[in-house]
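One letter stands for each residue in the lines below.
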Amino acid sequence: MVTIKIDNHEVQVPEDTPILKAAEKAGVWIPTLCYSDLVEPYGVCRLCIVEVVRGKRSRVVTSCNYPVREGISVLTNSPKIQWLRKSIMELMLSRWPNVKVVKDLAKQLGVEKPSFISLERDEAEDACVLCGKCVQVCKDLVKAEALGFAHRGIKREVVLPFGVNSERCVVCGACVKECPTGHVKMVIEDYRGKKPEFTLGPKTAIYVPSLQAVPRVPVIDTESCIHFETGGCETCAKVCEPNAINYDMKDEVQEIEVGQILVATGYDVFDATHMAQYGYGRLDNVYSSLEFEMLLNSTGPTGGKVQMKNGKEPRSVGIIHCIGSRDANHHPYCSRVCCMYALKFAHLVHDRTKAAIYQFYIDMRAFGKGYEEFYSRLLDEGITMIRGKAAEVAEGYWTDNNERTLLIRCEDTLIGKFREIPVDMLVLCNAIEARHDSDQVRKLFSISKSPDGFFLERHPKLDPTSTTTDGVYIAGCAQGPKDIPDTVAQAGSAAARILSLISKGEVEIDPVRAMVQEEFCSGCRICNNLCPYGAIEYLEEKKISHVNEALCKGCGTCVAACPSSAMTGYGFTDAQILAELDGILI
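Residues numbered from 1 in each chain as written. Predicted model: local features only at pLDDT ≥ 70, side-chain atom pairs only at ≥ 80, totals over all residues. Heavy atoms only, no water.

Peer 1: A description of the overall build of the protein chain should follow, citing residues and the corresponding values.
Peer 2: A tally of helices and strands in the protein chain yields 15 helices and 25 strands. Relative to a compact globule of 586 residues, whose C-alpha radius of gyration would be 25 Å, the protein chain shows 36 Å and is clearly more extended. Dimensions of the protein chain, computed from the C-alpha atoms along their principal axes, are close to 130 × 70 × 45 Å. For the protein chain, the proportion of its 586 residues judged to be buried stands at 40%. Within the protein chain, counting contacts between residues at least 6 apart in sequence, those at least 24 apart form 59% of the total. About 34200 Å² of surface is accessible on the protein chain, with carbon and sulfur atoms providing 52% of the total. For the protein chain, the distance from the average site of its 67 positive side-chain charges to the average site of its 77 negative ones is 9 Å. (Helix = DSSP H or I, 4+ residues; strand = E, 2+ residues; numbered from the N terminus. Rg over C-alpha atoms; globule rule 2.2 N^0.38 Å. Buried < 20%, exposed > 50% of the residue type's maximum accessible area, 1.4 Å probe, protein only. Contact = heavy atoms within 4.5 Å. Areas by Shrake-Rupley, 256 points an atom, 1.4 Å probe, with all protein chains shown as cover. Lys, Arg positive; Asp, Glu negative; His and termini not counted. Charge placed at Lys NZ, Arg CZ, Asp CG, Glu CD.)

Peer 1: Explain a nonpolar patch on the surface residue by residue, including any values.
Peer 2: A cluster of nonpolar residues, Val512, Phe572, Ile577, Leu578, Leu581, Ile584 and Leu585, forms a patch on the protein surface that exposes about 710 Å² of accessible area. Examined against the element boundaries, Ile584 turns out to sit in helix H15 (residues 574–585). (Patch = residues over 30% accessible without salt bridge, like charges linked within 9 Å, V, L, I, M, F, W, Y side chains within 5 Å. Salt bridge = Lys/Arg side-chain N within 4 Å of Asp/Glu carboxyl O.)

Peer 1: Give a detailed account of the sheet that holds strand S16 (residues 392–397), specifying residues and quantitative values.
Peer 2: The antiparallel open sheet is built from 3 strands, whose spatial order is S16-S17-S18. If you trace the sheet from one side to the other, it starts and ends with S16 and strand S18 (417–423), each paired once. The mean angle between the axes of side-by-side strands here comes to 35 degrees, regardless of whether they run parallel or antiparallel. The pairing of strand S17 (residues 404–412) with S18 spans 7 bridges and is antiparallel. Paired with Arg409 across the two strands is Glu420, which belongs to S18. (Pairing = 2+ DSSP bridges. Axes fitted to C-alpha atoms, helices over the stretch in contact; angles between N-to-C directions.)

Peer 1: An account of unusual backbone geometry is requested, with residue identities and associated values reported.
Peer 2: Here the amide bond leading from Val214 into Pro215 is cis, since omega sits at -5 degrees, within 30 degrees of zero. Tracing the chain through its elements places Pro215 in the loop between strand S8 (206–207) and strand S9 (219–220). A positive phi angle, close to 60 degrees, is found at Leu130, a residue other than glycine. Note that Leu130 resides in the loop between helix H3 (100–108) and helix H4 (133–141). A positive phi angle, near 65 degrees, is found at Cys233, a position not held by glycine. Position of Cys233 among the secondary structure elements: in the loop between helix H6 (226–230) and helix H7 (235–239).

Peer 1: Please set out the nonpolar core residue by residue, giving values where relevant.
Peer 2: Judged by nonpolar contacts, the single largest core of 36 residues is most densely connected at Phe292, Ile319, Met385 and Met425. Looking at this core, the elements with two or more residues in it are helix H8 (289–296), strand S13 (316–323), helix H9 (338–352), strand S14 (356–361), helix H10 (371–380) and strand S19 (425–430). When residues of this core are assigned to their parent elements, the largest contribution, 9 residues, is made by H9. When residues of this core are sorted by domain, at least three fall in each of domain 3 (269–433) and domain 4 (434–504). (Core = buried A, V, L, I, M, F, W, Y, C linked by side-chain atoms within 4.5 Å. Domains from an automatic or database assignment.)

Peer 1: Requested: an account of the sheet that holds strand S4 (residues 57–62), with residues and values cited.
Peer 2: Strand pairing in a sheet relies on backbone hydrogen bonds. The paired strands run either parallel or antiparallel. On the basis of which strands lie adjacent, the open sheet formed by 5 strands has the order S2-S1-S5-S3-S4 and mixed pairing. In this open sheet, the two strands that pair with only one neighbour each are strand S2 (9–13) and S4. When the angles between neighbouring strand axes are averaged without regard to direction, this sheet yields 30 degrees. When strand S3 (residues 49–54) meets strand S5 (residues 73–75), the two strands line up antiparallel, connected through 3 bridges. The residue bridging Glu51 from the neighbouring strand is Leu75, located in S5. Contacts between helix H1 (residues 19–26) and the sheet are confined to strand S1 (2–6), S2, S3 and S5, with S2 contributing the most and set at about 120 degrees to the helix. Each of S3, S4 and S5 is contacted by helix H2 (residues 79–95), which is oriented at about 155 degrees to S3, the strand it contacts most.

Peer 1: Account for the domain arrangement of the protein chain, naming residues and giving values.
Peer 2: How big an interface is tends to be stated in terms of accessible area lost as the parts join. Segmenting the protein chain into domains produces domain 1 (2–77), domain 2 (128–246), domain 3 (269–433), domain 4 (434–504) and domain 5 (514–585). On a C-alpha basis, the centres of domain 2 and domain 4 stand 44 Å from each other.

Peer 1: Quick rundown of H2? Include the residues and the values.
Peer 2: Taking 1.5 Å of rise per residue, 17 residues should cover 24 Å, and H2 covers 25 Å from first to last C-alpha, within 8% of that figure. Buried positions along H2 lie against S3, S4, S5 and H3. (Expected span 1.5 Å × (residues − 1).)

Peer 1: Talk me through the state of the cysteines; I want residue IDs and the actual numbers.
Peer 2: Under the defined criterion, the tally for this structure stands at 0 disulfides. Just so you know, Cys236 is unpaired, no disulfide at all, and the nearest cysteine sulfur is the one on Cys225, 6.1 Å from it. The cysteine Cys524 is free of any disulfide, with Cys562 supplying the nearest cysteine sulfur at 6.0 Å. (Disulfide = S-S within 2.5 Å.)

Peer 1: Lay out empty space enclosed by the protein in plain terms, naming residues and giving numbers.
Peer 2: It is the rolling of a water-molecule-sized probe over the atoms that shows where space remains empty. Tallying each qualifying case throughout the model produces 6 cavities of 30 Å³ or more. A volume near 110 Å³ is recorded for the largest cavity. Taken together, 16 residues form the lining of the largest cavity, with Cys521, Cys524, Cys527, Ser545 and Cys562 sitting closest to its centre. Elements supplying a minimum of two residues to the lining of the largest cavity: helix H13 (526–530) and helix H14 (557–561). By residue class, the composition of the lining of the largest cavity is 11 nonpolar, 4 polar and 1 charged. (1 Å grid on protein atoms, 1.4 Å probe; cavity = no way out; pocket = protein on both sides within 12 Å on 5 of 7 lines; lining within 4 Å. Points joined across faces, edges and corners; volume = space filled by probe spheres on them. Nonpolar A, V, L, I, M, F, W, Y, C, P; charged D, E, K, R; others polar.)

Peer 1: Got a sec to walk through the packing of aromatic side chains? Specific residues and values, please.
Peer 2: Per the stated rule, a full pass over the model turns up 5 aromatic pairs. Geometrically, the ring pair formed by Tyr333 and Phe454 is edge-to-face, given 5.7 Å between the ring centres and 70 degrees between the ring planes. With Tyr333 in the loop between S13 and H9 and Phe454 in the loop between helix H11 (438–445) and strand S21 (472–474), this residue pair connects regions lying 121 residues apart in the sequence. Taken individually, Tyr333 and Phe454 each receive the classification buried, so the pair is uniform in this respect. (Phe/Tyr/Trp six-rings, centres within 6.5 Å; stacked < 30°, edge-to-face > 60°.)

Peer 1: Which residues make up the pairing of S4, and what values do they have?
Peer 2: The sheet contact formed by S3 and S4 spans 6 bridges and is antiparallel. Paired with Val50 across the bridge in S4 is Val61. Connecting the antiparallel pair S3 and S4 is a turn made up of 2 residues, with Gly55 showing a positive phi of about 65 degrees.

Peer 1: So what's going on with helix H12 (residues 484–504)? Residues and values would help.
Peer 2: Taking 1.5 Å as the rise per residue, H12 with 21 residues should run 30 Å; its terminal C-alpha atoms sit 30 Å apart, in good agreement. Buried within H12 we find Gln490, Ala494 and Ile498. On an axial view of H12, the arc spanned by its buried residues comes to 75 degrees, and they lie on one face. Away from the buried face of H12 by more than 90 degrees, exposed residues Ile484, Val488, Ala489, Leu499 and Ser503 are located. In the core, the buried residues of H12 are packed alongside strand S10 (261–263) and S21. Immediately downstream of H12, the backbone of Gly505 shows phi near 85 degrees, a positive value. (Arc of directions from axis to C-beta.)

Below, the structure is given as structure tokens:
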């Protein structure tokens, strides 16, 4: 440790610490425009100059890259330093008079206006001040070297190599984050419809999957991480105190033997682009339910503010129910949750904005505990409820100016009239549908699906959590559309069923099952291919088929198909049935 004096403040810091960081620890402010903790400083702005005194010798140095040494004292605000800083500040203010960060620093240093006007004056509010932070972070941290300087002296500027877009740029945005003036921007191609930057995924390359994740530890998205693109960065590893970052770890597929399985695969959201009449993906400010949920979230792209693509607060918001559900052309079933989350959206928009809110519904299905009361509360808040499925959404204009808006065309069945409702923002309540890979899961676990595409339970009332395959249970939206309380209840029921079998220690199987009379089996393997439960295997050494009693459900498919009558039902052989008949008749 080294003890130095900064403006009569003594401070202890490790050797080779820059004076700027030592002054920060001592509570002494030193102005700077080009310093970044992420890269090696090189003092380009010169605003951080200080006077270093050692014995009788005094010299002016840049504090951001000058290391502390034993026996020195530092003067950060001596008359010489004040005069030099003000001169530098005048030069900067003369050249970039409207840049906020320059004006703020000038005000802090007591410079009101420059005494001369620069020949290279740039009056833009986001002008480049040539701090070089973007170039330095791209070169030293990202290691992409996609930016550089051109020319010298007053003609100096930041450019792309040879003036063309470089393939070395990985679009990481580090240069945008470091730019103090906003001159460097991430430009996203503007097109009608969905905003490409509006996603439900993580905002950084290292993130915690969700607030409820177990275990709650970060993971790295290798497709977005700078390190996996260029070999640079590694900032997360540098700041991680327990050294838990390991870039060499790979995804692994592990095989685990289990006795019971709970299938809770969740659901997919109906793609509203299939219903082109509502403008999703074609018109601006038309959002799906999950996208709007993210917009309302405090950790979302707008910090929970309800605003349109242009950043303004909407004057009116429309919410259309049953997009893809209760529709013979798509899904005939009700998705159950849409009505209530649509009411929740309306309540939150009413709470956060002054917008008029319109709900377009077929039937309001507020079936749960306290749901009808919540619906009544929304009516008291002044939410306009229009009973009638919206026919289409077209583009229109507000009457007072040429500003674009959305026109929702519908029939209001409560008043028996056709209506056109202008709104600034539209939310579509998408249907819940079975997962796109549900067929693969069905084949994997030998379970069935109902006509709506969800997994089929053993009995809809008496046994809604188990399936026709013993040891395989279903819960949540894997079995059908349901809300959170019902999902939790069903998952608890399935877990209790699993625990009861584990605690029992043994499993009872149904006595009704198939069996092979080996002396009659010809090894044709017809039964092997027909068994829906995969309970029949072929024994190569005996050249006959064999039934796994634990898997067989006694459906009788193999018995009916066997050409040699070698396959029969256990306890239901022809001889046994004839004996029963003899007993009845005698």
